[in-house]
Amino acid sequence: QTRRSVLATLLMGSLFLVGCGQKQDAQTQGGASEPQASTEVKTYVVGSDAAYAPFEFQNDKGEVVGFDMDVLNAVAEKGGFKVKVINTPWEGIFATLEQGDRDIIVSSVTITDERKQSMDFSSPYFEARQLIATGKGGETIKSFQDLKGKKVAVQTGTTGDEVVQNLLGKTSVDIKRFESTPLALKELENGGVQAVVGDNGVVQNYVSNNPASNLRMVEDTQSFQPEFYGMAVKKGNQALLDKLNAGIQAIKSDGTYDKIHAKYFGAK
Ligand code: ARG
């Protein structure tokens, strides 16, 4: 009799535990992706501002492609998960993590101490630096300091915006902000500003693809520190972070990363 009830209690107990496990599982699977049976491959929703060639841009079919997407897809393959990439405006892109609309932001996002307070980052997957583009009226610009007294365009809320704010002042009327880096560069082409400060890869890409615009690039490795791109997840989503980091590590050590890098930037 007693033995039977002990067994029954044990059985109920373990059923209860199994139940809890499932509940937990469903929660961690939540976020932007629909809850799925544990046998299914998980799909993570990725936000990316696809006006950032060669890192993320739209091809003729409207798909988001580029260096970042190749890295992401390789990481997903290693980790055995799927991704669904949604073109997402840069402004407000980080809020989509908090809201649960996106699981990961892969958008050439520089890892900064300030951003780390509100989101978590994977290990770095790319090194970048700010670069100045200048055109007509910017002939005297030889360094970052020379931007004082000039009109400068940036993409709102980027690290480029930040460094220019530090130089010219947060509320300077000489800073013109745009929702994308190509729009800032267009403004430079049209003569509305004398310079643009942005991520080197994107500025270089634009200048070489628009030779008629006669833009010139000015490097200043004294003023600009190296920046590192990371994949951002909602603060505390350690499980997803672990998968991303394992994948990044794996593609770096098996040569996949170098292949992707060479495809976009030539051999190192
Ligand atoms: N690396 C810069 C930053 O994190 C700019 C990134 C902009 N990315 C984009 N896809 N528009 O602020």
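For clarity, every value in this text was computed on a predicted model and none was experimentally measured.

Rules and cut-offs
Residues numbered from 1 in each chain as written. Predicted model: local features only at pLDDT ≥ 70, side-chain atom pairs only at ≥ 80, totals over all residues. Heavy atoms only, no water. pLDDT = per-residue confidence, 0-100. Contact = heavy atoms within 4.5 Å. Salt bridge = Lys/Arg side-chain N within 4 Å of Asp/Glu carboxyl O. Helix = DSSP H or I, 4+ residues; strand = E, 2+ residues; numbered from the N terminus. Polar contact = N/O pair within 3.5 Å; in protein donor to acceptor, adjacent residues only side chain to side chain. Buried < 20%, exposed > 50% of the residue type's maximum accessible area, 1.4 Å probe, protein only. Lys, Arg positive; Asp, Glu negative; His and termini not counted. Axes fitted to C-alpha atoms, helices over the stretch in contact; angles between N-to-C directions. Parallel < 35°, antiparallel > 145°, perpendicular 65-115°, else oblique. Nonpolar A, V, L, I, M, F, W, Y, C, P; charged D, E, K, R; others polar. Near = heavy atom within 4 Å. Areas by Shrake-Rupley, 256 points an atom, 1.4 Å probe, with all protein chains shown as cover.

Caption draft 1: Just the confidence of the model for the protein chain, in detail. Per-residue confidence for the protein chain gives a mean pLDDT of 90, with 85% of residues at or over 70. Counting interchain partners and residues more than four positions distant, the pLDDT-below-50 stretch residues 10-30 has seven contacts. Across the predicted assembly, pTM comes out at 0.86 and ipTM at 0.98.

Caption draft 2: Quick look at the pattern of salt bridges. According to the stated counting rule, one finds eight salt bridges in the structure shown. A salt bridge links D120 to K235; its shortest N-O distance comes to 3.1 Å. Of this pair, D120 sits in strand β7 (residues 119-121) while K235 is found in the loop between β15 (232-234) and α8 (238-253), placing the two residues 115 residues apart along the sequence.

Caption draft 3: Quick look at the side chain of T88. Examined against the element boundaries, T88 turns out to sit in the loop between β5 (82-87) and α3 (95-99). Polar contacts involving the side chain of T88 include one to the main-chain carbonyl oxygen of I86, which spans 2.7 Å. Polar contacts involving the side chain of T88 include one to the side chain of R102, which spans 3.0 Å. Non-local contacts of T88, meaning those with residues more than four positions away in its chain, are made with G47, S48, D49, I93, T96 and R102.

Caption draft 4: Structural detail: the side chain of E56. One can find E56 in strand β3 (residues 56-58). Of the side chains with opposite charge, R115 comes closest to the buried, unpaired E56, at an N-O distance of 11 Å. In this structure the side chain of E56 is engaged in a polar contact, spanning 2.7 Å, whose partner is the side chain of S108. Filtering out sequence-adjacent residues up to four positions away, E56 remains in contact with S48, D49, A50, A51, V64, V65, D68, M69, V106, S107 and S108.

Caption draft 5: Representation of the packing of helix α2 (residues 67-79) against α8. Between α2 and α8, the shortest axis-to-axis distance is 8 Å and the interhelical angle comes to 105 degrees. Taken together, α2 and α8 sit at an angle that is classed as roughly perpendicular. Together, V71, A74, V75 and K78 of α2 and K243, L244, G247, I248, A250 and I251 of α8 make up the contact between the two elements. In terms of residue class, the contact of α2 with α8 is built from seven nonpolar, one polar and two charged.

Caption draft 6: Just the site of the ligand, in detail. Residues in contact with the ligand amount to 14 residues; listed here are only the nearest, D49, S107, S108, R115 and D199. S107 is positioned such that a nitrogen or oxygen atom in its side chain is 2.8 Å from a nitrogen atom of the ligand. At 2.7 Å from an oxygen atom of the ligand is found a side-chain nitrogen or oxygen belonging to R115. Expressed as a share of its isolated accessible area of 350 Å², the protein-covered part of the ligand is 100%. Tallied by class, the residues present in the shell around the ligand amount to four nonpolar, six polar and four charged.

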